[in-house]
Structures are given as C-alpha cells and as structure tokens.
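A closer look at the structure
Given next are the chains, with one letter for each unit.
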Amino acid sequence: MRYPPDQKTRTRQLIVETASRVLRRDGIAATGIVPLMRELGMTQGAFYKNFADRDDLLVAALTWASEETRGFMASWAAAARADGIEPIGRIVEEYLSKRHLDHPERGCLVAALLGELWRHSSAVRRCAEEQCLHLFDDVASYLPLERRENGRALYLLMAGTISSARLASDRASQIATLSEGREAASRLIEMMSPPKDRAGSDGLSERDGSAR
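Residues numbered from 1 in each chain as written. Predicted model: local features only at pLDDT ≥ 70, side-chain atom pairs only at ≥ 80, totals over all residues. Heavy atoms only, no water.

**Regarding the overall build of the protein**
Each helix and strand in the protein was counted, giving 10 helices and 0 strands. When the helices and strands of the protein are listed from N to C terminus, the series reads α-α-α-α-α-α-α-α-α-α. Sequence-distant contacts, at least 24 apart, represent 69% of the contacts inside the protein between residues at least 6 apart. Accessible surface, the protein: about 11000 Å² in total, of which carbon and sulfur atoms supply 52%. (Helix = DSSP H or I, 4+ residues; strand = E, 2+ residues; numbered from the N terminus. Contact = heavy atoms within 4.5 Å. Areas by Shrake-Rupley, 256 points an atom, 1.4 Å probe, with all protein chains shown as cover.)

**A few points about the packing of helix α4 (residues 54-83) against helix α7 (residues 109-117)**
If you want to describe how two helices pack, look at the angle between their axes and the distance between the axes. Interaxial distance between α4 and α7 falls to 11 Å at its minimum, and their mutual angle equals 150°. The orientation of α4 relative to α7 falls into the category roughly antiparallel. Between α4 and α7 lies a crossing of left-handed hand. Each of Leu62, Ala65 and Ser66 in α4 lies in contact with α7, whose residues at this interface are Leu109, Leu113 and Leu117. (Axes fitted to C-alpha atoms, helices over the stretch in contact; angles between N-to-C directions. Parallel < 35°, antiparallel > 145°, perpendicular 65-115°, else oblique. Left-handed = near helix turned anticlockwise from the far one by under 90°.)

**Details of the confidence of the model for the protein**
Here the protein averages 90 in pLDDT, and 89% of its residues register 70 or above. Taken as a whole, residues 198-207 scores under 50 in pLDDT and shows 22 contacts with residues more than four places along the chain or in a different chain. (pLDDT = per-residue confidence, 0-100.)

**Things to note about the side chain of Thr31**
Following the sequence through the fold, Thr31 ends up in the loop between α1 (7-26) and α2 (33-40). Thr31 sits in the buried class, given a relative accessible area of 7%. Beyond its immediate stretch of four places on either side in the chain, Thr31 contacts Val22, Leu23, Asp26 and Arg54. (Buried < 20%, exposed > 50% of the residue type's maximum accessible area, 1.4 Å probe, protein only.)

**A short note on the nonpolar core**
Core analysis: the largest hydrophobic core is formed by 56 residues, its most contacted members being Leu57, Tyr95, Val110, Leu117, Leu154 and Tyr155. Looking at which element gives the most residues to this core, the answer is α4, with 11 residues. Look past the residues within four positions of Leu57 in its chain and what remains in contact with it is Ile15, Val16, Ala19, Leu36, Phe47 and Phe51. (Core = buried A, V, L, I, M, F, W, Y, C linked by side-chain atoms within 4.5 Å.)

**Let's talk about the packing of α1 against α2**
At a closest axis distance of 11 Å, the pairing of α1 and α2 adopts a crossing angle of 120°. As judged from the angle between their axes, α1 and α2 are oblique. Between α1 and α2 the crossing geometry is right-handed. Seen from α1, the contacting residues are Leu14, Ile15, Thr18, Ala19, Val22 and Arg25; seen from α2, they are Leu36, Met37, Glu39 and Leu40. For the contact of α1 with α2, the class distribution of residues is 7 nonpolar, 1 polar and 2 charged. (Nonpolar A, V, L, I, M, F, W, Y, C, P; charged D, E, K, R; others polar.)

**A closer look at the packing of aromatic side chains**
This model, assessed by the stated rule, comprises 5 aromatic pairs. An aromatic cluster is defined as three or more aromatic residues linked by ring pairs; in this entry it consists of Phe47, Tyr48 and Phe51. (Phe/Tyr/Trp six-rings, centres within 6.5 Å; stacked < 30°, edge-to-face > 60°.)

Below you can see the structure in the form of structure tokens.
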C-alpha cells in the first residue's frame, strides 16, 4: 500500500498536537508514550519513526503549545483593535477567562506546566525557557514602549492566577480568583501607562471572554 508523500509529516504533526494537549491536560509525569499512542490508535513503533525519544516529543509539543497561545493572543489583539479598545486589556480579559480555566488542554503552557518543567532535561528546559520568553515578549509588545520590560511580570501574574484558580476546591473560589487576577492586572497596566493615559486606558471590562 502506498502512502501520500507527506504522510510522515502529517503523522508527526498529529502526534505533536495530541501530545501538546494531553500534556497540558494531564501533566508531563502522567503522560507516557504508550498511552499517548494508544489514544491516537497508533503503535509505539510509529512514535519512534518520528521522534528520537520522549524529550524530542516534549520539545516539539511545548513549541506547538506556545505557538498556539501566541496565535490566540494575536487574534485577541486584532479583535480589540477592531472594537477600538487597547489590545492588552482584551488579552488579559481572555487569558483570565472561565474558558481558559476550564480547558487547560487548549491553554497556556506556563500556567499548565511550569511547575514540572524545571525537573526535566536541559534540552527540555531550554525549549521551555525559549517559548516562555516568546510569550513574555508578545505581551510586552502591547505595553507602552517605555514599560515593555514589565511584560514578564504581567504574564506571570496572569499565569499564576490561572494556576491558583485551578487549585481552588470550589467554583466560587475559582471565579473569585479570576476576578482578583483581572483586578491586579488592571492595576499593573494602569501603573505602567503614561500618566496622561491612565484614566480609563486599560481597556478591561467585566465581560468574561472565551479562550479562543
């Protein structure tokens, strides 16, 4: 039986995308090669035709997760501009949403996996660090030029809020944590805005947005 010329590329991408979602949903420690391939209806042999080892897959999956989140942020920013509001406000609103809280498999790798990644190999840590820096830089690009060094602080505030909300034992506590995080982010953005723009410039609203 002959396969299409791009069959191997498509198979690899399917494994990467599925692994990326499973890792963010279940965590790295709980994600093994055999159950992952079983979920895909593939054999362990198919894995080793596409990846040298588990770390090779982790690097690809983390990169894909970061690119997905960066794509979401770019679309949120574009929608905000079309609505005539500041992109950074919309990004905070969408990131700190109930949809993101409830769907880690489609969410930010920083919020989902940062606590585990430091235990892994240097190759995986380097990749995670690089992808985190891309995310920090993307958020920073929506801040005033003279405040862009604060992009990391704002991103980590948002990621920490999502992680804390997921830890909460009941829904009311989860929602309260999101609300507190949005308020803290709004204050941080206001502090970073030029004085003449501070009044009502952050673009945040009470609407709880979607993660897409």
